[in-house]
Amino acid sequence: MLLNPFTFHSPKSLSEAIKLCASLEDAKVQAGGTFLINNLKLLKRKGSKTPRHVISLRKVKDLQGISEKKDSLTIKAMTSMRDIIDSPLLAGNMGILKEIAQNIGTCAIRNMATVGGNLTCRYTWTEMPAVMVALEADLHFMGKDGKEETISAEKFFGNSAKTDGLLTQITVKKDPKALMAYRRVKKTPHVDIPLLSLLIKTTFEKDRFSKTRIGVNTGVDFAQCDKKLEDFLNQSSRSANTAQEALTRLSAAIYDTRASDYKKHMFRVSLKDAINELIGRK
Ligand SMILES: Cc1cc2nc3c(=O)[nH]c(=O)nc-3n(C[C@H](O)[C@H](O)[C@H](O)COP(=O)(O)OP(=O)(O)OC[C@H]3O[C@@H](n4cnc5c(N)ncnc54)[C@H](O)[C@@H]3O)c2cc1C
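These lines cover the structure that appears in this document, whether it is placed above or below. From a predicted model like this one, the values you see are computed outputs, not experimental measurements.

## A few points about the sheet that holds strand β12 (residues 224-225)
1) Next: Read across the sheet, 4 strands follow the order β9-β10-β11-β12 without closing on themselves; strand pairing throughout is antiparallel. A strand with exactly one partner marks an edge of an open sheet, and here the two such strands are β9 (179-186) and β12.
2) Next: Strands in contact with helix α9 (residues 227-234) are β11 (208-217) and β12; relative to β11, the strand with the most contacts, it is inclined by about 165°.
3) Next: Its contacts with the sheet place helix α12 (residues 261-280) against β9, β10 (194-205) and β11, and it is angled at close to 25° to β10.

This is the structure:
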């Protein structure tokens, strides 16, 4: 299907991109384009209005790459899933990001889809939001007026991932002692929308769970922290029945809202499995 005509803009710097966002009416930003182009087709098919301008971020060098400081990692918004998989900087417990990226979509999608697009697309089922909530990431935006704003991933998704600005980068504090377990659930073995993304991050202190963070996304709401389960685990020890007991403390609002019996069952299997994985780690 041919798209409705639009003017394609390809800025080479962040300031140029911001100027275009500020000056063009009826414009859409394109990152990897894996959702955007499909959305333009859907809008055309429905007979709805389509944007007159597309601003591609592909050539904006300031938005690409992963870097690290002693205590933190920075992932620029245009970093693709492939870049994450290939990055030597994502070592130790941050290697979990490679595992997550490796399971997203297909090879072609991973080559194109960006972390920024995954976080800002406002689909409630993409996986990076729950991950960034669990990692206590900060999201950095630049507004159309050029002003920078930093907001925690938890707050951003708590506010339904609304933004008028450009996501420029994500920063994550390094926590080498933390252990992490990731689970995703999908219905079929094929490329399929995940029903659940779940990252548990914890530190064991004398065999007790501590500083536990649980980012969860059941595709029903935007990603959130499961505070109830965090509190329960932070009062629990590394024992054989902790995971089973945790299942009796689950928040119905998170795991049972608009969930079929299959989903409810799989959510519980995944949570138990992830907690047991952490308990079993040295
Ligand atoms: C077939 C298929 C399978 C998939 N499977 C999975 C999966 O298993 N798990 C998963 O998590 N995801 C999955 N995805 C989603 C994919 O990983 C991408 O995250 C998603 O398609 C959007 O990323 P993108 O870079 O292509 O963004 P685009 O499509 O370019 O943009 C998406 C939206 O985000 C906005 N946007 C993009 N970047 C910015 C920015 N920096 N600042 C502000 N707004 C911005 C755009 O304006 C647009 O509205 C799948 C997608 C497809 C098409």
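After that view, the rundown keeps rolling.
## Details of the site of the ligand
1) Next: Every one of the 28 residues lining the ligand counts as a neighbour, but V29, A31, T34, T114 and E127 are closest to it.
2) Next: Between the ligand and T120, the relevant distance is 3.1 Å, taken from a nitrogen atom to a side-chain nitrogen or oxygen of the residue.
3) Next: Contacts to the ligand include R184, whose side-chain N or O atom sits 3.0 Å from an oxygen atom.
4) Next: Relative to its unbound accessible surface of 960 Å², the ligand loses 89% to contact with the protein.

## Thoughts on α9
1) Next: Along α9, the positions that sit buried rather than exposed are L229, E230, F232 and L233. One face of α9 carries all of its buried residues, which in axial projection span an arc of 165°.
2) Next: Tucked inside the fold, the buried residues of α9 contact β11, β12, α10 (242-246), α11 (252-255) and α12.
3) Next: The distance from a side-chain oxygen at the start of α9 to the backbone nitrogen of K228 is 3.3 Å, and the residue carrying that oxygen is D226.

## Notes on the pairing of strand β3 (residues 53-56)
1) Next: Side-chain alternation along β3 places H53 and I55 on one buried face and V54 and S56 on a second face that is also buried.
2) Next: As paired strands, strand β1 (residues 7-9) and β3 are joined by 3 bridges and run parallel to one another. Pairing of T7 across the sheet is with H53, part of β3.
3) Next: Note: strand β2 (residues 27-30) against β3, 4 bridges, orientation parallel. Paired with K28 across the two strands is V54, which belongs to β3.
4) Next: Regarding the hand of the β-α-β motif, the stretch spanning β2, helix α2 (residues 36-46) and β3 is right-handed.

## Structural notes on the pattern of salt bridges
1) Next: Summed over the entire model, instances satisfying the criterion amount to 15 salt bridges.
2) Next: As a salt-bridge pair, R82 and D86 come within 3.7 Å of each other at their nearest N and O atoms. Here D86 and R82 lie together in helix α3 (residues 81-86), a separation of 4 residues that amounts to about one turn.
3) Next: Its relative accessible area of 23% is what places R82 among the partly exposed residues.
4) Next: Here the salt bridges share partners, and the residues they tie into one network are R183, D273, E277 and R281.

## Re the pairing of strand β5 (residues 72-76)
1) Next: When you tally the buried positions in β5, you get 4 out of 5 residues, the bulk of the element.
2) Next: Judged from the 3 bridges that link them, strand β4 (residues 66-68) and β5 form a sheet pairing that is antiparallel. Looking at the pairing, S67 lines up with T74 of β5.
3) Next: From the end of β4 to the start of β5, which pair antiparallel, there are 3 residues.
4) Next: Bridge analysis of β5 against strand β8 (residues 166-173) gives 5 bridges, and the strand direction is antiparallel. Opposite K76, over in β8, you have Q169 as the bridge partner.

## Considering the sheet that holds β5
1) Next: Within the open sheet, the 5 strands sit side by side as β4-β5-β8-β6-β7. Their pairing is antiparallel. If you trace the sheet from one side to the other, it starts and ends with β4 and β7 (148-152), each paired once. In this sheet, neighbouring strand axes are inclined to one another by 20° on average, regardless of whether the strands run parallel or antiparallel.
2) Next: Its contacts with the sheet place helix α1 (residues 14-23) against β6 (138-142) and β8, and it is angled at close to 130° to β8.

## A short note on the state of the cysteines
1) Next: Within the structure shown, the criterion is met by 0 disulfides.
2) Next: C121 supplies the cysteine sulfur nearest to C21, a cysteine that is in no disulfide, at a spacing of 17 Å.

Calculation criteria
- Residues numbered from 1 in each chain as written.
- Predicted model: local features only at pLDDT ≥ 70, side-chain atom pairs only at ≥ 80, totals over all residues.
- Heavy atoms only, no water.
- Pairing = 2+ DSSP bridges.
- Helix = DSSP H or I, 4+ residues; strand = E, 2+ residues; numbered from the N terminus.
- Contact = heavy atoms within 4.5 Å.
- Axes fitted to C-alpha atoms, helices over the stretch in contact; angles between N-to-C directions.
- Near = heavy atom within 4 Å.
- Polar contact = N/O pair within 3.5 Å; in protein donor to acceptor, adjacent residues only side chain to side chain.
- Areas by Shrake-Rupley, 256 points an atom, 1.4 Å probe, with all protein chains shown as cover.
- Buried < 20%, exposed > 50% of the residue type's maximum accessible area, 1.4 Å probe, protein only.
- Arc of directions from axis to C-beta.
- Right-handed = clockwise from strand over helix to strand, strands pointing away.
- Salt bridge = Lys/Arg side-chain N within 4 Å of Asp/Glu carboxyl O.
- Disulfide = S-S within 2.5 Å.

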